[in-house]
Amino acid sequence: MKKLLKELTESFGPSGSEDKIRETIIERLKPFADSIKVDKMGNIIAQKGTSGERLMLAAHMDEIGIIVTNIDDKGFLRFSNVGGISPFTLIGERVIFANGTVGVFGLEKMDDMKELKINKMFLDIGAKSGEEAKQKIKIGDMGTFYRECIISGDCIISKALDDRAGCAVLIKVLEQLKKPRYQTFFVFTVQEEVGLRGAKTSSFGVDPDLAIAVDVTPTGDTPEASKMAVELGKGPAIKVKDNSIISHPRIKDALISAATQKKVPYQLEVLEYGGTDSGAIHLSRSGVPSGGLSIPTRYVHTPSEMVNLKDMYLAVELLAGFIEG
Ligand code: CO
Ligand code: ZN
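Conventions and cut-offs
Residues numbered from 1 in each chain as written. Chains lettered and ligands numbered in written order. Predicted model: local features only at pLDDT ≥ 70, side-chain atom pairs only at ≥ 80, totals over all residues. Heavy atoms only, no water. Pairing = 2+ DSSP bridges. Helix = DSSP H or I, 4+ residues; strand = E, 2+ residues; numbered from the N terminus. Axes fitted to C-alpha atoms, helices over the stretch in contact; angles between N-to-C directions. Patch = residues over 30% accessible without salt bridge, like charges linked within 9 Å, V, L, I, M, F, W, Y side chains within 5 Å. Areas by Shrake-Rupley, 256 points an atom, 1.4 Å probe, with all protein chains shown as cover. Salt bridge = Lys/Arg side-chain N within 4 Å of Asp/Glu carboxyl O. Buried < 20%, exposed > 50% of the residue type's maximum accessible area, 1.4 Å probe, protein only. Donors = N, O, S within 2.8 Å, 3.2 Å for Na, K, Ca; no water. Tetrahedral: all angles 85-135°; square planar, octahedral: opposite > 155°, others 65-115°. Contact = heavy atoms within 4.5 Å. Domains from an automatic or database assignment. Buried area = accessible area lost by both parts, 1.4 Å probe. Polar contact = N/O pair within 3.5 Å; in protein donor to acceptor, adjacent residues only side chain to side chain. Nonpolar A, V, L, I, M, F, W, Y, C, P; charged D, E, K, R; others polar.

1. What to know about the sheet that holds strand β8 (residues 121-124)
Taking strand neighbours around the barrel as the criterion, the six strands line up as β4-β5-β8-β7-β6-β9 in a closed arrangement whose pairing is antiparallel. Averaged over all pairs of adjacent strands, the angle between their axes in this sheet comes to 45°, without regard to strand direction. Across two bridges, strand β4 (residues 65-71) lies against strand β9 (residues 142-145) in antiparallel orientation. When the sheet's bridge partners are listed, isoleucine 67 is paired in β9 with methionine 142.

Structure follows, in structure tokens:
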């Protein structure tokens, strides 16, 4: 799991530019899936089992990032966000582009830091002129945080744990699945961070009878955090509601009983904002009973997200239990 997580989180894949992470995931799926295909939008759909209801498991492989909007004569880049990024998390950070170019975030002179917005910031890739910058970077190029994945005991600190943690859980479930009672579709979606777009089209294509999205969820266990009954290391969180979905009782209850049967500790997640792939999936075609299994994560959408390995192992156990019955 540790090696897998490092490989996945350090791979490049902002929304809409998922080529590298897609390759990484497909390599991992190959030995275990009955079939693997990539749909027209770029979602990976791996199948295991050929009888029973159609179960869709979704985890998004894209990550938040930035997109270059302008290059000035001095070689400084202006940029916009891809997905939810606070400018405050960018100060002092580095970005990396698909071609390996690394840049540093800088900001204009500011009297009041409260005024900080992304359009007051720029990227410095060390170019001495616009011409030199344009040889490395073009308008529309995307970058992601440039950060190493740190593993210290049970604690993982990395960029893109949202949602490579979910991707890792799906891969580990596929690896250990022996007798699925569903036709199980492992879907690694694109463009979640810009509005659940890959989930929308892939769920139409898969046409599932039921679905579960595996993604991260914020916690309420840090100093003066907003009240939320999810903590790191207390087991995966079974989603009750977020802003995109009210979990279908059938799925929520089935996850709870799988956890009880397997003696897997779990938490219940009520997230007052945000959404995940199940938000798009449950509204596909004539509706799909859907729910979510979440990995408790601190500092979501920063370059240093944090998860606990125990929660990940338990999520794999719970989900495999759900599928094998
Ligand atoms: Co996210
Ligand atoms: Zn996510």
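2. Concerning a nonpolar patch on the surface
Among the surface-exposed residues, Phe88, Ile91 and Met113 lie close enough to one another that they form a single nonpolar patch of about 260 Å² accessible area. Residue placement: isoleucine 91 occurs in the loop between β5 (76-82) and β6 (94-97). A residue is classified by how much of its surface remains accessible, and isoleucine 91, at 37% relative accessible area, is partly exposed.

3. A closer look at the coordination of the cobalt ion (ligand 1)
Distances from the cobalt ion (ligand 1) to its protein donors, Asp162 (OD), Glu193 (OE), Glu193 (OE) and His301 (NE2), fall at 1.9 to 2.5 Å. Here the cobalt ion (ligand 1) binds four donor atoms, and the angle range of 55 to 145° at the metal identifies the geometry as irregular. Positions of the donor residues of the cobalt ion (ligand 1) along the chain correspond to the pattern D-x30-E-x107-H. The distance between the cobalt ion (ligand 1) and the zinc ion (ligand 2) comes to 3.2 Å, with aspartate 162 serving as a donor to both metals. Taken together, the positions of glutamate 193 in the loop between β12 (183-189) and α5 (197-206) and histidine 301 in the loop between β16 (290-296) and β17 (305-308) put the pair 108 residues apart, joining distant regions of the chain.

4. What about the coordination of the zinc ion (ligand 2)?
Distances from the zinc ion (ligand 2) to its protein donors, namely His60 (NE2), Asp162 (OD), Asp215 (OD) and Asp215 (OD), fall within the range 1.9 to 2.6 Å. For the zinc ion (ligand 2), the single-chain donor residues occur in sequence as H-x101-D-x52-D.

5. Digging into the sheet that holds strand β14 (residues 237-241)
Read across the sheet, eight strands follow the order β1-β2-β12-β3-β13-β16-β14-β15 without closing on themselves; strand pairing throughout is mixed. Each of the sheet's edge strands pairs with one partner strand only, and the pair in question is β1 (35-38) and β15 (267-270). Strand-to-strand twist in this sheet, taken as the mean axis angle between neighbours without regard to direction, amounts to 25°. As paired strands, β14 and β15 are joined by four bridges and run parallel to one another. When the bridges of β15 are listed, lysine 241 appears paired with valine 270. Seen against the sheet, helix α2 (residues 19-29) touches β1, β2 (44-48) and β12 and runs at an angle of roughly 10° to β2.

6. Let's talk about the domain arrangement of the chain
In terms of domain boundaries, the chain breaks down into domain 1 (2-63 + 159-324) and domain 2 (65-145). With 13 residues of domain 1 at the contact, the number on the domain 2 side is 13 residues. With both sides pooled, the region where domain 1 packs onto domain 2 buries about 1,000 Å², and carbon together with sulfur makes up 67% of that total. When the area that domain 1 buries against domain 2 is broken down by residue, the three leading residues are Phe12, His301 and Pro303, summing to 47%. For the pair domain 1 and domain 2, the interface holds zero salt bridges. There are two residue pairs in polar contact (both at pLDDT 80 or more) connecting domain 1 and domain 2. Taken together, the residues of the side of domain 1 that touches domain 2 break down into four nonpolar, five polar and four charged.

7. Regarding unusual backbone geometry
Backbone phi values are negative for most residues with the exception of glycine, while trans is the configuration of most peptide bonds. That bond from aspartate 162 to aspartate 163 is cis: its omega, 5°, falls within 30 degrees of zero. Here aspartate 163 shows up in helix α4 (residues 161-176). Even without glycine at this site, aspartate 207 takes up a positive phi of about 50°. As for its position among the elements, aspartate 207 is in the loop between α5 and β13 (210-217). Aspartate 207 gets classed as partly exposed once you look at its relative accessible area, which sits at 36%. Of note in this structure, glutamate 224 is not a glycine but carries a positive phi near 55°. With respect to the helices and strands, glutamate 224 occurs in the loop between β13 and β14.

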